[in-house]
Amino acid sequence: MNVRLAVHHVTEYTYEDAVEWAYHAACLTPRDTPWQRVSGWQLDITPLPDGWGIEGLELDTAELARHLRCDPWGNRHFSFGHARMHEKLVVDSRFIAELQERPVPDPARGPDWESVAQGLHYRAGRALQEADEFALASAYAIPDEALAAYARRAFTRGRTLAAGGLSLMRQIHADLRYLPQSTTVATRAADALAQRSGVCQDFAHVFIAACRSLGLAARYVSGYLLTRPPEDGPKLVGADASHAWAELWCPEQGWLALDPTNAMPAGLDHVTLAWGRDYADVAPLRGVLRGGGVATLRVAVTVEPWAGGDAAGPGA
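Let me sum up the structure you'll find in this document. What you see is a predicted model, and the numbers here were worked out from it, not measured in a lab.

Each value, and the rule that gives it
- Residues numbered from 1 in each chain as written.
- Predicted model: local features only at pLDDT ≥ 70, side-chain atom pairs only at ≥ 80, totals over all residues.
- Heavy atoms only, no water.
- Helix = DSSP H or I, 4+ residues; strand = E, 2+ residues; numbered from the N terminus.
- Rg over C-alpha atoms; globule rule 2.2 N^0.38 Å.
- Buried < 20%, exposed > 50% of the residue type's maximum accessible area, 1.4 Å probe, protein only.
- Contact = heavy atoms within 4.5 Å.
- Pairing = 2+ DSSP bridges.
- Axes fitted to C-alpha atoms, helices over the stretch in contact; angles between N-to-C directions.
- Parallel < 35°, antiparallel > 145°, perpendicular 65-115°, else oblique.
- Left-handed = near helix turned anticlockwise from the far one by under 90°.
- Salt bridge = Lys/Arg side-chain N within 4 Å of Asp/Glu carboxyl O.
- Phe/Tyr/Trp six-rings, centres within 6.5 Å; stacked < 30°, edge-to-face > 60°.
- Lys NZ or Arg CZ within 6 Å of the ring centre and 35° of its normal.

Let us now look at the overall build of the chain. Each helix and strand counted, the chain has 6 helices and 14 strands in total. The C-alpha radius of gyration computed for the chain amounts to 20 Å, which stays within 12% of the reference 20 Å derived for 316 residues, consistent with globular compactness. By its C-alpha atoms, the chain is 60 × 45 × 45 Å across when sized along the principal axes. For the chain, buried positions account for 52% of its 316 residues. Taking all contacts inside the chain whose residues are at least 6 apart in sequence as the whole, residues at least 24 apart take part in 78%.

On to the pairing of strand 5 (residues 86-100), then. Burial analysis of strand 5 places 12 of its 15 residues in the buried class, which makes it a mostly covered element. In this sheet, strand 5 lies alongside strand 1 (residues 2-26) in antiparallel orientation, the contact comprising 14 bridges. Of the residues in strand 5, the one forming a bridge with Leu 5 is Ala 97. Sheet analysis places strand 2 (residues 36-46) next to strand 5, joined by 9 bridges and oriented antiparallel. Bridge pairing links Val 38 to Ala 97 in strand 5.

A sheet is described by the order of its strands in space; here 5 strands give the open sequence 11-10-9-8-12, paired in antiparallel fashion. Looking along the sheet, the strands with just one partner apiece sit at the ends: strand 11 (264-265) and strand 12 (270-276). Summarising the sheet, strand 9 (residues 242-250) and strand 10 (residues 254-259) pair through 5 bridges and their orientation is antiparallel. Pairing of Ala 246 across the sheet is with Leu 258, part of strand 10. Most of the contacts of helix 4 (residues 161-175) go to strand 10, to which it runs at about 20 degrees, and overall it touches strand 9, strand 10 and strand 11.

The next point concerns the packing of helix 4 against helix 6 (residues 200-213). Relative to each other, helix 4 and helix 6 sit at 135 degrees, their axes nearing to 10 Å. With respect to each other, helix 4 and helix 6 are oriented oblique. For the pair helix 4 and helix 6, the crossing hand works out as right-handed. Across the interface between the two elements, Gly 165, Leu 168, Met 169, Ile 172 and His 173 of helix 4 pack against Phe 203, Val 206, Phe 207, Ala 210 and Cys 211 of helix 6.

If charged atoms from side chains of opposite charge come close, those side chains can pair. Enumeration according to the criterion identifies 11 salt bridges in this entry. The residue Arg 219 makes a salt bridge to Glu 130 at a minimum N-O spacing of 3.7 Å. In this pair, Arg 219 is assigned in strand 8 (residues 218-225) and Glu 130 in the loop between helix 2 (113-120) and helix 3 (145-152), connecting sequence segments 89 residues apart. For Arg 219, a relative accessible area of 3% gives the class buried.

To continue, consider the side chain of His 67. On the secondary structure map, His 67 appears in the loop between helix 1 (61-66) and strand 3 (68-70). Relative accessible area serves as the criterion here: at 17%, His 67 is assigned to the buried category. Apart from the residues within four sequence positions on either side, His 67 is in contact with Gly 51, Trp 52, His 77, Phe 78 and Ser 79.

This next bit is on the packing of aromatic side chains. Taken as a whole and assessed by the stated rule, the structure comprises 12 aromatic pairs. Relative to Phe 80, the ring of Trp 52 has its centre 6.4 Å away and its plane inclined at 75 degrees; by these criteria the two rings are edge-to-face. Residue Trp 52 is located in the loop between strand 2 and helix 1, and its partner Phe 80 is located in strand 4 (residues 76-82); the two are separated by 28 residues in the primary sequence. Both residues of the pair, Trp 52 and Phe 80, count as buried. By the ring-pair criterion, three or more aromatic residues cluster together here, those being Trp 73, Phe 134, Trp 249 and Trp 255. Over the face of the ring belonging to Trp 275 we find Arg 219, whose NZ or CZ atom lies 4.1 Å from the ring centre.

Following this line, the structure appears as structure tokens:
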């Protein structure tokens with residue numbers, strides 16, 4: 001089964017005072033994967049960044065490609081700057097994602113988690129594996145004893161890796177309260193676990209750090225989630241937000257995509273944007289600026305089934 005989803009992501013900063021100078025880095029370029037094919041990606045930035053095309057004209061594919069760079073994990077990033085006064089910044093990204101069903105994690109298949117953790121231990125002369133760096137600490141997902149104890153509730157002795165991962169996913173969903181504004185983008189996994197609340201970014205970080213505390217490899221995935229409308233009305237445009245989940249390395253089954261916020265494996269509702277060690281590697285937009293005063297941020301994300309027509313999707 002295949003589905004096509006139209007994604008529209010708008011980030012808008014309105015500044016109290018004029019910004020004199022600004023430089024931004026973004027990870028908003030959707031990627032192709034074995035289960036996802038992207039088409040029609042369009043990007044609009046207002047005001048047009050210095051050195052980007054011609055004011056008033058759309059950025060074509062060739063112009064966008066000129067500004068993209070790849071990181072070690074295959075994500076494409078871009079950066080841009082403004083050396084002129086402005087009081088608002090709008091970054092508008094839209095694309096179509098064609099998704100196919102992923103293999104469902106099989107809790108009965110594969111080795112026990114202890115064997116996998118042992119295989120990830122560094123030994124002199126051992127060839128490096130793709131998963132090795134995702135077993136190490138990163139800025140927001142630092143292993144510690146409290147996280148290890150929490151993880152052992154799910155990863156009991158002799159349990160298969162896949163079964164432990166699915167159990168940890170459900171455990172986090174049950175134990176942590178989804179509470180917007182209870183954390184910030186700088187909140188670390190240990191703090192989110194201690195306060196038992198957070199948003200999808202925190203749920204993913206807790207999962208990742210808990211796995212790493214046992215010597216397992218897990219990575220952070222940024223993306224979008226299709227939110228189904230209530231039966232008695234249409235979905236509110238812009239009601240969705242960016243989403244995040246985690247992937248756990250399983251030698252026999254590959255990367256198991258698990259969404260602890262919703263207690264479900266990632267599937268046809270999950271659109272992948274990028275992946276890295278944690279949020280810091282794939283933050284959608286960050287920057288430094290001079291001036292501006294207090295900034296008001298508005299983020300609107302719409303993910304809808306694509307009915308055909310303009311590849312730019314809804315709101316084009």
